[in-house]
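Fold and contact review
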Amino acid sequence: MAVSNALREDLLASIPNLRAFAVSLTGSSERADDLVQETLVKAWSKFHTFQEGTNLRAWLFTILRNEFYSQLRKRGREVEDAEGAYAARLATQPSQSSHMDLSDFRRALVQLPPDQREALVLVGASGFSYEEAAEICGCAVGTIKSRVSRARNRLAELLGLEPGETHAADPLAATLTTRTIA
Amino acid sequence: MTKVRRGSRGAPKKKKKGDTMYMGHGSEDPAKPPIDSRIQHEIGKHLRAHYDDVISEPVPDRIMELLEKLEQSVAQKR
């Protein structure tokens, strides 16, 4: 299948974005680059199904996330669980300084369930609308909305951003709140 | 390990995919009020910082090499 110059340029321009999405999904730049490569091979084999003029980026993102989930199923849950446990170990309490840094955030992000992480990233960083994200994920718009909302709630908890009163039982949140007030 | 997909009737999308993935978290209580806008803003800011940080990285050589190979394979076929 011949690829037009315009399409080629669009494809090249999409790669940094695809990588960022892949890193967000896998939590590892090594695995992300594998995933991007597999996505490109797949995309190449089915470029004839792509309608030029429609959203190439959404098309590529769809291929990438489907590839991610099919790998996840193949690799089985145990790998993911092991990684989750690892991430949880890494995820020490929110840093002492009042300023959360990028690595704090990333540690929290990888702890989200993949479907929540995916929805949050598509809508909150990749620049897709809820409708586009729903199309990419093959689910209803309402499902995306609730995943994004759950993702935010969970991140707020993990990062200790929860307002104090809802977390009286959490000594850490209580400490943070006290410190903020003091 | 063989998996038998029951009742899908050839439908490509499995809507129930994520259903088993977020068990055990306390955040899905529908009664829980939405987080306030300050926290939402804070999360959005960090999410974009994380994302933009990856975007600004140069595309690895192995990806560019793969693209060249893909294009050559097309050129050869024609």
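Note that the structure is predicted; figures quoted are calculated from it, not measured.

1. Examining the nonpolar core
Formed by 61 residues in total, the largest nonpolar core has its most connected members in L40, I144 and L155 of chain A. The residues touching L40 of chain A, leaving out its near neighbours within four places in the chain, are L11 and I15 of chain A together with I63, L66, L67 and L70 of chain B.

2. Some details on the confidence of the model for chain A
Residues and elements named next belong to chain A. The pLDDT averaged across chain A works out to 82; a share of 74% of its residues lies at or above 70. This stretch, residues 91–98, has a pLDDT under 50; its non-local contacts, to residues over four places away or in other chains, come to 11 contacts. Here residues 164–182 scores under 50 on pLDDT; set against residues more than four positions off or in separate chains, the count is 9 contacts.

3. Comments concerning the packing of helix α7 (residues 130–137) of chain A against helix α8 (residues 141–158) of chain A
Packed helix pairs are specified by the crossing angle of their axes together with the interaxial distance, meaning the distance between the axes. All names here are of chain A. It is the contact of α7 with α8, at a shortest axis distance of 8 Å, that shows an interaxial angle of 100 degrees. Considering their axes alone, α7 and α8 lie roughly perpendicular with respect to each other. Residues Y130, E131, A133, A134 and C137 of α7 touch α8, and the partners they reach there are V141, I144, K145, V148 and R152. Of the residues assigned to the contact of α7 with α8, the class counts are 7 nonpolar, no polar and 3 charged.

4. Overview of the packing of aromatic side chains
Residues and elements named next belong to chain A. Using the criterion set out here, one finds 6 aromatic pairs over all chains in the structure. With a centroid separation of 5.4 Å and an interplanar angle of 75 degrees, the aromatic rings of W44 and F47 are classed as edge-to-face. Ring centres 5.2 Å apart and planes at 70 degrees place the aromatic pair F68 and Y69 in the edge-to-face group. Lying over the aromatic face of F61, R57 brings its terminal NZ or CZ to 5.7 Å of the ring centre. Between the NZ or CZ atom of R57 and the centre of the ring of F128, over which it lies, the distance is 4.5 Å.

5. Structural notes on the packing of helix α1 (residues 5–26) of chain A against helix α3 (residues 56–75) of chain A
All names here are of chain A. Where α1 contacts α3, the two axes come as close as 9 Å, and the packing angle between them is 40 degrees. At the point where α1 passes α3, the crossing takes the right-handed sense. Together, L7, D10, L11, S14, N17, L18, F21, A22, L25 and T26 of α1 and L56, R57, L60, F61, L64, R65 and F68 of α3 make up the contact between the two elements. When its residues are assigned to classes, the contact of α1 with α3 shows 11 nonpolar, 3 polar and 3 charged.

6. Considerations on the environment of H48 of chain A
Residue and element names in this part refer to chain A. Inspection of the secondary structure assignment puts H48 in the loop between α2 (29–45) and α3. On the basis of relative accessibility, which here comes to 51%, the residue H48 falls in the exposed class. Between the C-alpha atom of H48 and that of N17, which follows or precedes it by 31 residues, the distance is 22 Å.

7. Examining the pattern of salt bridges
Per the stated rule, a full pass over the model turns up 11 salt bridges over all chains. With its nearest N and O atoms 3.2 Å apart, the salt bridge here joins R19 of chain A to E57 of chain B. Here the residue R19 of chain A occupies a position in helix α1, and E57 of chain B occupies one in the loop between α1 (37–55) and α2 (61–77), the pair thus bridging two chains. Taking relative accessible area as the criterion, E57 of chain B reaches 32% and is therefore assigned partly exposed. Across the salt bridge formed by E42 of chain B and K45 of chain B, the nearest N and O atoms sit 3.6 Å from each other.

The rules behind these values
- Residues numbered from 1 in each chain as written.
- Chains lettered and ligands numbered in written order.
- Predicted model: local features only at pLDDT ≥ 70, side-chain atom pairs only at ≥ 80, totals over all residues.
- Heavy atoms only, no water.
- Core = buried A, V, L, I, M, F, W, Y, C linked by side-chain atoms within 4.5 Å.
- Buried < 20%, exposed > 50% of the residue type's maximum accessible area, 1.4 Å probe, protein only.
- Contact = heavy atoms within 4.5 Å.
- pLDDT = per-residue confidence, 0-100.
- Axes fitted to C-alpha atoms, helices over the stretch in contact; angles between N-to-C directions.
- Helix = DSSP H or I, 4+ residues; strand = E, 2+ residues; numbered from the N terminus.
- Parallel < 35°, antiparallel > 145°, perpendicular 65-115°, else oblique.
- Nonpolar A, V, L, I, M, F, W, Y, C, P; charged D, E, K, R; others polar.
- Phe/Tyr/Trp six-rings, centres within 6.5 Å; stacked < 30°, edge-to-face > 60°.
- Lys NZ or Arg CZ within 6 Å of the ring centre and 35° of its normal.
- Left-handed = near helix turned anticlockwise from the far one by under 90°.
- Salt bridge = Lys/Arg side-chain N within 4 Å of Asp/Glu carboxyl O.

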